2 protein chains.
Amino acid sequence: MNRKPISVLLLFLLAGAFLNAHAQSNTESLAEKLGFSRDARILIVHADDVGVTHSVDAATIKALETGLVNSASIMVPCPWFPEIADFAKTHPGADFGLHLTLTSERVYYRWGPVAAKDKVPSLVDENGYFHHDWTPATRINPKEVELELRAQIDRAYAMGIHPTHLDSHQYRLYENGQDLFEVLLRVAHDYKLPVFLARDWLADRPYLESSLSPADIVLDHTITIDPGVPPENWADFYKTALKNLQPGLTEFVIHLAFADDEMKAATRERDTWGAAWRQRDFDFFTSPAFRQLLREQNIKLVTWRELAHAAQQ
Amino acid sequence: MNRKPISVLLLFLLAGAFLNAHAQSNTESLAEKLGFSRDARILIVHADDVGVTHSVDAATIKALETGLVNSASIMVPCPWFPEIADFAKTHPGADFGLHLTLTSERVYYRWGPVAAKDKVPSLVDENGYFHHDWTPATRINPKEVELELRAQIDRAYAMGIHPTHLDSHQYRLYENGQDLFEVLLRVAHDYKLPVFLARDWLADRPYLESSLSPADIVLDHTITIDPGVPPENWADFYKTALKNLQPGLTEFVIHLAFADDEMKAATRERDTWGAAWRQRDFDFFTSPAFRQLLREQNIKLVTWRELAHAAQQ
């Protein structure tokens, strides 16, 4: 009995060492395959939640056109998905992934599964929408998750999108145990799509590392602003993050929209990730100040398409 | 063989006479039960499509608050349904019916059934949305229509709405044969809800009349603007209609929204029932000119709630 804690500790240390080695060799070689030095600071500026509202679509399209935001991911179950699918189809160079979605977190504006709702009963509430939130009492069935993820990806392809990567709305597929993460990986492998994953997360959740295959891409870092930052310090937060950017591959996870009537109404029950928040992100990431910082700091932008291409070499 | 045309003609004449008698006795007594004289001009000013976008919700709520628009109907499958359901729940005096919806007629913004889509395959397209349109090749299964209508009504009640009436988005349930109209009537009778139906329509579609029971409410007239009216003549069309309003019960079917970014984007593929159209309707039906005309012309407004109550007396 007394030996158990030591064994567990050893296992953790070994896992940590493997994880570190895996991630380092993976991303170092990726940087080099991308044509950069080992210590280059490489950035994906990634806009989440595309398709959720028209405001998010319009702001993301405008930001992508500046070239300063260079990747985004799309919520297939959402009402404005057809608008962004049409844009993606007519702009095949744009770097769109799928923001796999299993929750409908707003109050006055909601959506539900792409799969038939009677096939995914654990994913929907009593009114047929995705759950507003997952609580300890919510029993999510991984088989239903797999069915729904495949339905979302299939609809995306059917409507003309060729996604460059997958990620998970509200991190649900990373933060809810090995079963759901393995579903995400299995689906990603089947469709030959890279999954957004950052080395930052692995220490807290050993199951993330243990499920990976050597071919999976692991970014070094991810940076996203949090509700603790006061609105007046928004730009400073990002400027500091850019100045202190570490060598390797980093993804900035940002949330764009215009603070217009639609977006204010859709998010009015709380400020977090709301209309004003997203307008602040739009303002910073399309600003001359951001462009200048990227240049001054010699930060290189890459897309998921470039990453996946490099990883296959 | 030669006698057939005469028999058919006789049948039509008899049906027409019955129809006229039914409608007249029905609406005359309704006017009187409502406390008006037989020749009173009684109007429902009815906004369609509530729930389809935030813009439509916001404009309809604002118009209802003026008292000049006094009834509306809600599209349960649409993304902004939860917003209007919340309003209806907190404003139980508002006169909301359900705008039963079986199509998703826009291009960049779409919705699908409330029932599980594998239970209503004839109602959905290859991407799982309601059909954009019904063509002669679209085979709509009436049993699936009934399942979907009941799902919409059940969700409305579950989310706190007590509808005062039923009608049909794009008139699909009136204009596509007896089977679908009988589904509408059967469902309406089951839920004890009146169905919007105007005597104007009966001559062209004898099956409407033949399916009715004596207790069904039949309005005398319905007026809705059509795409042939140039924008600059919008107010004149309505003013003329009001001045020439016939005795009996009339429903103005109108479409409200603000011509904002969301609404322009949602309707951008065509002008008909688009953002500018709906802004013009909003502008007229909330105007002092409309209020003054109602007064000058001694036109009485009634709601579906009042109609249903009077019909039960």
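Residues numbered from 1 in each chain as written. Chains lettered and ligands numbered in written order. Predicted model: local features only at pLDDT ≥ 70, side-chain atom pairs only at ≥ 80, totals over all residues. Heavy atoms only, no water.

Undergrad: Explanation requested: the overall build of chain A in the structure shown.
TA: Of regular secondary structure, chain A possesses 12 helices and seven strands. Radius of gyration (C-alpha) of chain A: 19 Å, near the 20 Å computed for a compact globule of 313 residues. Over its C-alpha atoms, taken along the principal directions, chain A stretches across nearly 60 × 50 × 40 Å. Each of the 313 residues in chain A was classed as buried or not, and the buried ones make up 58%. When contacts within chain A are restricted to residue pairs at least 6 apart in sequence, long-range pairs at least 24 apart make up 74% of them. Carbon and sulfur atoms form 55% of the exposed surface of chain A, whose accessible area is close to 13,200 Å². Here chain A contributes 31 positively and 42 negatively charged side chains, and the mean placements of these two sets differ by 2 Å. (Helix = DSSP H or I, 4+ residues; strand = E, 2+ residues; numbered from the N terminus. Rg over C-alpha atoms; globule rule 2.2 N^0.38 Å. Buried < 20%, exposed > 50% of the residue type's maximum accessible area, 1.4 Å probe, protein only. Contact = heavy atoms within 4.5 Å. Areas by Shrake-Rupley, 256 points an atom, 1.4 Å probe, with all protein chains shown as cover. Lys, Arg positive; Asp, Glu negative; His and termini not counted. Charge placed at Lys NZ, Arg CZ, Asp CG, Glu CD.)

Undergrad: Explanation requested: helix α10 (residues 275-285) of chain A in the structure shown.
TA: Because the α-helix completes a turn every 3.6 residues, residues three or four places apart line up on one side. Those residues of α10 of chain A that fall on the buried side of the exposure criterion are Ala275, Trp277, Arg278, Asp281, Phe282, Phe284 and Phe285 of chain A. Here the buried face of α10 of chain A lies against β1 (41-50), α2 (54-66), α8 (234-243), β6 (248-254), α9 (261-266) and α11 (288-296) of chain A.

Undergrad: Before we go on, may I ask you to explain the packing of α8 of chain A against α11 of chain A in this structure?
TA: Two numbers describe a pair of packed helices, the interaxial angle and the distance between the axes. Residues and elements named next belong to chain A. For the pair α8 and α11, the least separation of the axes is 10 Å and the interaxial angle reads 10°. One element, α8, and the other, α11, form an angle in the roughly parallel class. On α11, the residues touching Lys239, Leu242 and Lys243 of α8 are Ala289, Phe290, Leu293 and Leu294. Of the residues belonging to the contact of α8 with α11, the class tally is five nonpolar, no polar and two charged. (Axes fitted to C-alpha atoms, helices over the stretch in contact; angles between N-to-C directions. Parallel < 35°, antiparallel > 145°, perpendicular 65-115°, else oblique. Nonpolar A, V, L, I, M, F, W, Y, C, P; charged D, E, K, R; others polar.)

Undergrad: What should I look at first to understand helix α12 (residues 304-311) of chain A in this one?
TA: Of all the residues in α12 of chain A, the buried ones are Trp304, Leu307, Ala308 and Ala310 of chain A. The arc that holds the buried residues of α12 of chain A, viewed along the axis, is 165°, so those residues lie on one side. (Arc of directions from axis to C-beta.)

Undergrad: Looking at this structure, how should I read the pairing of strand β2 (residues 71-74) of chain A?
TA: Strand residues, when the strand is regular, have side chains that alternate between the two faces of the sheet. All names here are of chain A. Judged by which residues are buried, β2 turns out to be covered on both faces: Ser71 and Ser73 on one side and Ala72 and Ile74 on the other are all buried. Bridge count between β1 and β2: three bridges; the pairing is parallel. Bridge pairing in β2 links Ala47 to Ala72. On the question of chirality, the crossover connecting β1 to the parallel β2 by way of α2 is right-handed. Both β2 and strand β3 (residues 96-100) contribute to a ladder of three bridges, which runs parallel. Paired with Ala72 across the bridge in β3 is Phe96. The β-α-β motif built from β2, the intervening helix α3 (residues 81-90) and the parallel element β3 has right-handed crossover chirality. (Pairing = 2+ DSSP bridges. Right-handed = clockwise from strand over helix to strand, strands pointing away.)

Undergrad: Explain the environment of Met263 of chain A to me, please; I cannot follow it from the model alone.
TA: Residue and element names in this part refer to chain A. Inspection of the secondary structure assignment puts Met263 in helix α9. Residue classification places Met263 among the buried residues on the basis of a relative accessible area of 2%. With 177 residues separating them in the primary sequence, Met263 and Asp86 have C-alpha atoms 21 Å apart. Contacts of Met263, omitting those with residues within four sequence positions, involve Thr53, Ser55, Val56, Ala257, Phe258, Ala275 and Arg278.

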